[in-house]
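# Inside the fold
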Amino acid sequence: MTSRNLMNALTAAVLLLAGTFSSRPLRAQSTLIQNMPGRTVLSLNGSWNYIIDPYENGFYDYRREAFDQSKTGKGGYYDNAKPSSKQETELIEYDFDKSQAMQIPGDWNSQRPELLYYEGTIWYKKNFNLMPKPGKRYFLYFGAINYESHIYLNGKKLGMHKGGFTPIQYDITDQLASTGENFVVVKADNTRRPNEVPTINTDWWNYGGITRDVFIAETPDTYITDYKVQLAKNDPNTLAGYVQLAGTGKASQSVTLNINEAGIKQTVKTDGEGRATFSLPAKKLARWSPQSPKLYAVSLTSGLDVVQDRIGFRTIQTKGADILLNGKSIYMRGISMHDENPLIPGRARGEGDLRMLLTWAKELGCNYVRLAHYPHNETMLKLADEMGLLVWAEVPVYWTIAWENPATYQNAEQQLSDLISMGKNRASVVVWSVGNETPLGEPRLKFMSSLAQKARSLDDTRLISAALELHRTPDNVIHVDDPLGEFLDLTSINEYAGWYWGGKPSEITKYTFDIKYNKPVTISEFGGDALGGYHADAETRWSEEYQEALYVNQLKMLSTIQNLRGMTPWILTDFRATRRQHPVYQNGFNRKGLISSTGVKKKAFYVLQDFYRQMAQKYDGKQGK
Ligand code: GCB
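The structure displayed is predicted, hence computed values, not measured ones. (Residues numbered from 1 in each chain as written. Predicted model: local features only at pLDDT ≥ 70, side-chain atom pairs only at ≥ 80, totals over all residues. Heavy atoms only, no water.)

## Thoughts on the overall build of the chain
Convention followed: Only runs of H or I of at least four residues qualify as helices and only runs of E of at least two qualify as strands under DSSP, and these elements are numbered from the N terminus. Between the two quantities, the radius of gyration covers C-alpha atoms and the globule rule is 2.2 Å times the number of residues to the power 0.38. Only protein chains enter the area calculation, which uses a 1.4 Å probe; residues under 20% of their type maximum are buried, those over 50% are exposed, and those in between are partly exposed.
Per the secondary structure count, the chain includes seven helices and 37 strands. Taking 25 Å as the expected radius of gyration for a compact globule of 625 residues, we find that the chain reaches 26 Å, a close match to that expectation. Seen through its principal axes, the chain has C-alpha atoms that stretch 80 × 60 × 45 Å. The buried share of the chain, reckoned over its 625 residues, is 60%.

So this is what it looks like as structure tokens:
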């Protein structure tokens, strides 16, 4: 045994004897509990100490064996070890408390210049005080950690999670220290890998770290773990749904659904599995829509548990070429956006940033947003409910991922299930998108159609789509005939005439469309780059005038599509993208934003705003809203 090994073994033995630590097997993450942010919570947002660990020394020993898989389970940075005497005679080569700190939620890239391009591991540590109360359960919640996270509480592993944009929850009731003094350690690793979702190649910044809220939620021992309260799919006059309890007392429990304002109250009993369904007349409920985003205070009560939510009620369906919201044909005046605040620039950190993005969309005249290309913050969906914006929500099945790898599929399906769980009570969410610009081919069709079917099986009250590609023939016809289209409710296409192909903006009106499916068409992307403040003529790339002309001519060209019922041009604001290298015009930014990275509206913004005024007039009979 080398002296280093001996040291590790001794440290582990000492810790084990001290009784504070013991190794335990890896536990699977519990399934997502509905509406965690709506619970009584102890926020762990704020300052977290961190250690940059590119060689993963805090995770592996020098033979590259994972410490947390060893017999003692000890030796990693998650021990948060301290010398037992002031003289520091023990060898411990890290110290969280003497390390730097950064703000959580927040990506690491935008907080330290040296981390702008960093891809690898960073460890985080936070202390917190919590005296557990008898009869209560406690759940540790992370809104998102990009990409792979290993989470430890008081030196014990809670689990590992993959996927940078979905919530992570662990029941920590039995791991909390009786003294009330606890520490949580997170290993976040944003290394890009070929078999992951997304894969190594994207057109957005690989922001790492704990990017969304962290808190501990408290529930009674038997608690409401899941619920859905929405209008029934085939009967808009019925409010239908279910409640699922968890915990020892979940069977044969009364659960009361209460919507005071509408005089709705119903008590149902759970079955042996803790599940109860309800169904009651919904005639009294006003319908949610972008013009009138009515939300009701809904409460669910069972024993000691009460969950409050604000829920809107609407129907969404398609009929031939039409998208019907509450039975009425609509035009989806949308815009695409990333979960990024261009003014930082970095991942949006919470309600303030998100509200700014949606306020810009409203100013543009939108009734719809495409939250590309991965699940956005749960808060975003709640804000969209409140502000009256329809939502397209998506999973990061982007470009070319490992279609034939079963683990990749499982991962994509898990992210889709978590997204649907997060958004299923939000009136704003009307489209589940299973991916973006995926290439034709059999394994991909199997992968994507399975995802579409999964989405439908999890939630048949919303539309299913994906952003498809097109192909052109020399007669200037744009064909849309991707076989995946059979499985989708909307035919959505990304189309870059005037930027990646098709000549100058003034030349693109020569194209016509040949679309195989008689379904509503939405253009999920079109656009071109413009450097805010750079002015030239309409034929000079990167100028605001070029982008303006591109929008004018795109709108002309698209008006020939009979089934066109909406669009989400690319994109609301400029955003960071590593592949965008032009030193004058891009500088690491995709400049297709209608709003620049300094928050200034470009000329094309007003072209789209004007068009949306006309469409609002045509479909809703009034301006702007
Ligand atoms: C696309 C992608 C989007 C890119 C955009 C672009 O088709 O879906 O993620 O950022 O084009 O700017 O090229």
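Picking up where we left off.
## Section: the UniProt feature "domain: Glycosyl hydrolases family 2 sugar binding" (unreviewed entry) in the chain
Selection criterion: UniProt positions are given in the numbering used here, feature names are shortened, and annotations may be inferred rather than shown by experiment.
UniProt marks residues 44–220 with the feature "domain: Glycosyl hydrolases family 2 sugar binding" (unreviewed entry), using the numbering shown here. Split by type, residues 44–220 is 0% helix and 36% strand. Its first and last C-alpha atoms lie 20 Å apart.

## Quick word on the sheet that holds strand 12 (residues 214–220)
Paired through backbone hydrogen bonds, the strands of a sheet run either parallel or antiparallel to each other. Test applied: Here a strand pair is declared whenever DSSP counts at least two bridges between the two strands. In this description, a line fitted to the C-alpha atoms serves as the axis of each element, helices being fitted only across the stretch in contact, and the angle between N-to-C directions of two axes falls anywhere from 0 to 180 degrees.
What the four strands build is an open sheet, ordered 1-12-5-9; its pairing is antiparallel. Each edge of the open sheet carries a strand with a single partner, namely strand 1 (40–43) and strand 9 (168–171). On average, each strand axis in the sheet is inclined to that of its neighbour by 25°, with strand direction left out of account. Sheet topology note: the strand 1/strand 12 ladder contains four bridges and is antiparallel. Directly across from threonine 40, in strand 12, lies its bridge partner glutamate 218.

## Some words on the site of the ligand
Here is the rule: Any residue with a heavy atom positioned within 4 Å of a molecule or strand is treated as near that molecule or strand. Polar contact is defined as a pair of N or O atoms within 3.5 Å, subject to the rule that within protein one atom must be able to donate a hydrogen and the other to accept it, and that residues adjacent in sequence are counted only when both atoms are side-chain atoms. Here the open area of atoms and residues is found with the Shrake-Rupley method and a 1.4 Å probe, where only the protein chains shown may cover a residue. Ten residues, namely Ala, Val, Leu, Ile, Met, Phe, Trp, Tyr, Cys and Pro, are considered nonpolar, four, namely Asp, Glu, Lys and Arg, are considered charged, and the remaining ones, Gly among them, are considered polar.
As a matter of local geometry, the ligand sits amid 14 residues, with Asp203, Tyr398, Glu437, Tyr500 and Lys592 nearest to it. Contact between the ligand and arginine 580: an oxygen atom at 3.1 Å from a side-chain N or O atom of the residue. Calculation on the ligand without its partners gives an accessible area of 310 Å², and the protein chains cover 97% of this total. Considering only residue class, the shell around the ligand consists of five nonpolar, four polar and five charged.

## Let's talk about helix 5 (residues 442–458)
Our working definition: Given the number of residues in a helix, its expected span is that number minus one, multiplied by 1.5 Å. Residues are treated as being in contact if the distance between any of their heavy atoms lies within 4.5 Å.
When the terminal C-alpha atoms of helix 5 are compared, their 24 Å separation across 17 residues agrees well with the 24 Å that a helix rising 1.5 Å per residue should span. For helix 5, the complete set of buried residues consists of Arg444, Leu445, Phe447, Met448, Ser449, Leu451, Ala452 and Ala455. Contact partners of the buried residues in helix 5: helix 4 (406–423), strand 28 (429–436) and strand 29 (463–468).

## Here's the deal with the UniProt feature "domain: Glycoside hydrolase family 2 catalytic" (unreviewed entry) in the chain
Per the UniProt entry, the sites bearing "domain: Glycoside hydrolase family 2 catalytic" (unreviewed entry) are residues 318–614 in this numbering. Secondary structure over residues 318–614 splits into 29% helix and 23% strand, and the C-alpha atoms at its two ends are 23 Å apart.

## Thoughts on the nonpolar core
Put simply, the rule is: For our purposes a nonpolar core is just a set of buried Ala, Val, Leu, Ile, Met, Phe, Trp, Tyr and Cys residues, chained together by side-chain atoms within 4.5 Å.
Ranked by size, the top nonpolar core spans 89 residues in total, and within it Ile335, Met337, Val397 and Met567 carry the most contacts. With 29 residues, the next largest nonpolar core counts Leu44, Met102, Tyr124 and Val214 among its residues.

## Focus on the sheet that holds strand 20 (residues 316–319)
The sheet built from three strands is open, its strands ordered 20-21-22 with antiparallel pairing. Since the sheet does not close on itself, it has two edges, and those belong to strand 20 and strand 22 (328–329), each with one partner.

## Concerning the pairing of strand 9
Residues Ile168 and Tyr170 of strand 9 are buried on one face, and the alternating residues Gln169 and Asp171, pointing to the opposite face, are buried as well. Sheet topology places strand 5 (residues 136–142) next to strand 9; four bridges connect them, and they run antiparallel. The residue of strand 9 that forms the bridge with phenylalanine 142 is isoleucine 168.

## Observations concerning the confidence of the model for the chain
Heads up, the rule is: For every residue, the predictor assigns a confidence score, pLDDT, that lies between 0 and 100.
Within the chain, residue pLDDT values average 94, and 95% of them lie at 70 or more. The low-confidence segment residues 1–29 (pLDDT under 50) makes 42 contacts with residues lying over four places distant or belonging to another chain.

## Comments concerning the packing of aromatic side chains
This is how it is decided: Each pair of aromatic rings taken from Phe, Tyr and Trp, with Trp reduced to its six-membered ring, is defined by centres within 6.5 Å and is described as stacked if the planes are under 30 degrees apart, edge-to-face if over 60, and tilted in the remaining cases.
This model, assessed by the stated rule, comprises 32 aromatic pairs. Ring centres of phenylalanine 605 and tyrosine 606 lie 5.3 Å apart, and the angle between their planes is 70°; this geometry places the pair in the edge-to-face category. Residue classification places tyrosine 606 among the partly exposed positions, given a relative accessible area of 45%. One aromatic cluster is present, built from ring pairs that chain together Phe59, Tyr60, Tyr77, Tyr78, Tyr94, Phe96, Trp123 and Tyr152.

## Considerations on the environment of leucine 304
You can see leucine 304 is positioned in the loop between strand 18 (296–302) and strand 19 (305–311). Accessibility expressed as a relative area gives 74% for leucine 304, which makes it exposed. Sequence spacing of leucine 304 and methionine 615 is 311 residues, and the spatial spacing of their C-alpha atoms is 49 Å.

## Things to note about unusual backbone geometry
The omega angle of the peptide bond from asparagine 146 to tyrosine 147 is 0°, so this bond is cis rather than trans. Tracing the backbone shows tyrosine 147 in the loop between strand 6 (145–146) and strand 7 (148–153). Put simply, alanine 372 and histidine 373 share a cis peptide bond, and its omega is -15°. Tracing the chain through its elements places histidine 373 in the loop between strand 26 (368–371) and helix 3 (378–387). Look at asparagine 80: it is not a glycine, yet its phi comes out positive at around 55°. Positionally, asparagine 80 belongs in the loop between strand 2 (46–52) and strand 3 (101–104). Not every positive phi belongs to a glycine, and serine 252 is a case in point at roughly 50°. Topologically, serine 252 is positioned in the loop between strand 14 (238–246) and strand 15 (254–259). By relative accessible area, which is 51% here, serine 252 ends up exposed.

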